[in-house]
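Notes for the structure review
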Amino acid sequence: MRIDPDLLDCSICFEPLCPPLYQLVLCIFQCQNGHVACLSCWSMLSNKCHVCSHDAIFARNIALEKIVESIKSSCAYAKWGCCELVSYTQRNTHEESCFFAPLMCPIPGCGYRGFTGRWSGHFLVDHHSADFLHFVYGQSFEVNLEASLPFLVLLGEDDHLFLLLNKNMTPFGHAFSVVCLRTGDLNWKFSYEIEAASTRNPENCMQLKASVTNAKEWEGLHPTESFLLVPYDFCSSTNITLSVSVGRSASV
Ligand SMILES: [Zn+2]
Ligand SMILES: [Zn+2]
Ligand SMILES: [Zn+2]
Ligand SMILES: [Zn+2]
């Protein structure tokens, strides 16, 4: 069965006939001649139909509500790998949080939107050749981080985009953690290890092993579940040297 998707749009605002964000129940209204309006448009019509343009008696169109509620469609990011069949009324909510959706480049002021698995073109060729570290899974690499930088972009060999987050936790030290921005590929699980050695006594070192948090985008947020807290005394005040490795394993 196929249906013209335009039929599922409000004829006034042309938005999908979905409940507004603050409403869970779908309400579709029609005038006595069958002209359809969504809840928010209907509430502004004051009993005048936008098509018939005379006084109208509006009523809920329960049959159409049931049809719209029963429709499932594939996610708009299906071609990027999302396999979910999404209820039509939940489409916007799903696509907002879909891990296959494009995301904003985290470099401040860039504004580029990219898809998981396609970042190296943007980082290597276009703009930020100095702003990121390319790494191979399972191999540790050294990071020399400016203490004031809130994050460093780490680009995996498969073009997954990770951020090494650096949160200044006055008066204690720096909290480090790794997040992945919209993994997209749900077949992989990512984990990471961070090691910091004291600049004065290199034999003093601290280490964290943790799983990588999947984040929708960089919003200045830091995950709180796990992080390595490196005390100020441990590192120099301007630069911090860390040994980092990110692992990738098949999720069962
Ligand atoms: Zn509307
Ligand atoms: Zn009408
Ligand atoms: Zn999706
Ligand atoms: Zn960018």
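Residues numbered from 1 in each chain as written. Chains lettered and ligands numbered in written order. Predicted model: local features only at pLDDT ≥ 70, side-chain atom pairs only at ≥ 80, totals over all residues. Heavy atoms only, no water.

Per an unreviewed UniProt entry, the chain carries the name SIAH-type domain-containing protein and comes from Triticum turgidum subsp. durum.

Once that is clear, we can look at the packing of aromatic side chains. Per the stated rule, a full pass over the model turns up 12 aromatic pairs. Taken together, a centroid distance of 5.7 Å and an interplanar angle of 75° make the contact between Y112 and W119 edge-to-face. Counting every residue linked through ring pairs, the aromatic cluster contains F135, Y137, F141, F162 and F190. When the ring centre of W188 is taken as origin, the NZ or CZ atom of R248, which lies over that ring, is 4.2 Å away. (Phe/Tyr/Trp six-rings, centres within 6.5 Å; stacked < 30°, edge-to-face > 60°. Lys NZ or Arg CZ within 6 Å of the ring centre and 35° of its normal.)

Bringing the coordination of the zinc ion (ligand 1) into the picture now. Looking at the zinc ion (ligand 1), the protein donor atoms are C10 (SG), C13 (SG), C38 (SG) and C41 (SG), and they sit 2.3 Å from it. Between the four donor atoms coordinating the zinc ion (ligand 1), the angles at the centre fall across 104 to 114°, so the site counts as tetrahedral. Spacing between the donor residues of the zinc ion (ligand 1) along the chain follows C-x2-C-x24-C-x2-C. Highlighted residues: C13 in the segment before β1 (28-30) and C38 in strand β2 (residues 36-38), separated in sequence by 25 residues. Given the relative accessible area of 7%, C38 is considered buried. (Donors = N, O, S within 2.8 Å, 3.2 Å for Na, K, Ca; no water. Tetrahedral: all angles 85-135°; square planar, octahedral: opposite > 155°, others 65-115°. Helix = DSSP H or I, 4+ residues; strand = E, 2+ residues; numbered from the N terminus. Buried < 20%, exposed > 50% of the residue type's maximum accessible area, 1.4 Å probe, protein only.)

Attention shifts here to the pairing of strand β12 (residues 173-181). A large share of β12 lies buried, amounting to nine of its nine residues. Where strand β11 (residues 161-169) hands over to β12, the hairpin turn is made up of three residues, counted between the paired strands. Strand direction decides the pairing type here: β12 and strand β15 (residues 213-215), joined by three bridges, are parallel. Counted as the bridge partner of L181 is A215 from β15. (Pairing = 2+ DSSP bridges.)

Before going further, it helps to spend a moment on the coordination of the zinc ion (ligand 3). Protein coordination of the zinc ion (ligand 3) is provided by C75 (SG), C82 (SG), H94 (NE2) and C98 (SG), with donor distances spanning 2.1 to 2.3 Å. Classification of the site at the zinc ion (ligand 3) rests on its four donor atoms, whose angles at the metal span 104 to 114°, yielding the label tetrahedral. Mapping the donors of the zinc ion (ligand 3) onto the primary sequence yields the spacing C-x6-C-x11-H-x3-C. Of this pair, C75 sits in the loop between β4 (72-74) and β5 (85-87) while H94 sits in helix α3 (residues 91-97), and the two are 19 residues apart along the sequence. C75 sits in the buried class, given a relative accessible area of 3%.

On to the confidence of the model for the chain, then. Per-residue confidence for the chain averages 87 on the pLDDT scale, and 97% of its residues sit at or above 70. When the elements of the chain are averaged for pLDDT, α3 gives the smallest value, 80, and strand β14 (residues 205-211) the largest, 95. (pLDDT = per-residue confidence, 0-100.)

Here the focus is the sheet that holds β14. Spatially, the four strands line up as an open sheet ordered β9-β17-β13-β14, and their pairing is antiparallel. On the outer flanks of this sheet lie β9 (141-146) and β14, each paired with one strand and no other. Recorded for the sheet is a direction-independent mean angle of 25° between the axes of neighbouring strands. Here β9 pairs with strand β17 (residues 239-250) via six bridges, running antiparallel. Paired with V143 across the two strands is L242, which belongs to β17. (Axes fitted to C-alpha atoms, helices over the stretch in contact; angles between N-to-C directions.)

Next up on the list: the nonpolar core. The biggest cluster of nonpolar side chains holds 28 residues, and the ones touching the most others in it are F162, L164, F176, Y192, I194 and L242. Taken together, the elements giving at least two residues each to this core come down to β9, β10 (151-156), β11, β12, β13 (188-197), β14, β16 (228-231) and β17. Excluding residues that lie within four positions of it along the chain, L242 makes contacts with F141, E142, V143, L164, F176, I194, E195 and A196. Counting 23 residues, the second largest nonpolar core, distinct from the first, contains C10, L26, I28 and Y88. (Core = buried A, V, L, I, M, F, W, Y, C linked by side-chain atoms within 4.5 Å. Contact = heavy atoms within 4.5 Å.)

Moving on to the sheet that holds strand β3 (residues 59-60). Strand order in this open sheet of three strands is β2-β1-β3, and the pairing throughout is antiparallel. Each edge of the open sheet is held by one strand with a lone partner, namely β2 and β3. Note that β1 and β3 share two bridges and pair antiparallel. Considered in β3, the bridge of Q30 is made with A59. Its contacts with the sheet place helix α2 (residues 62-70) against β1, β2 and β3, and it is angled at close to 145° to β1.

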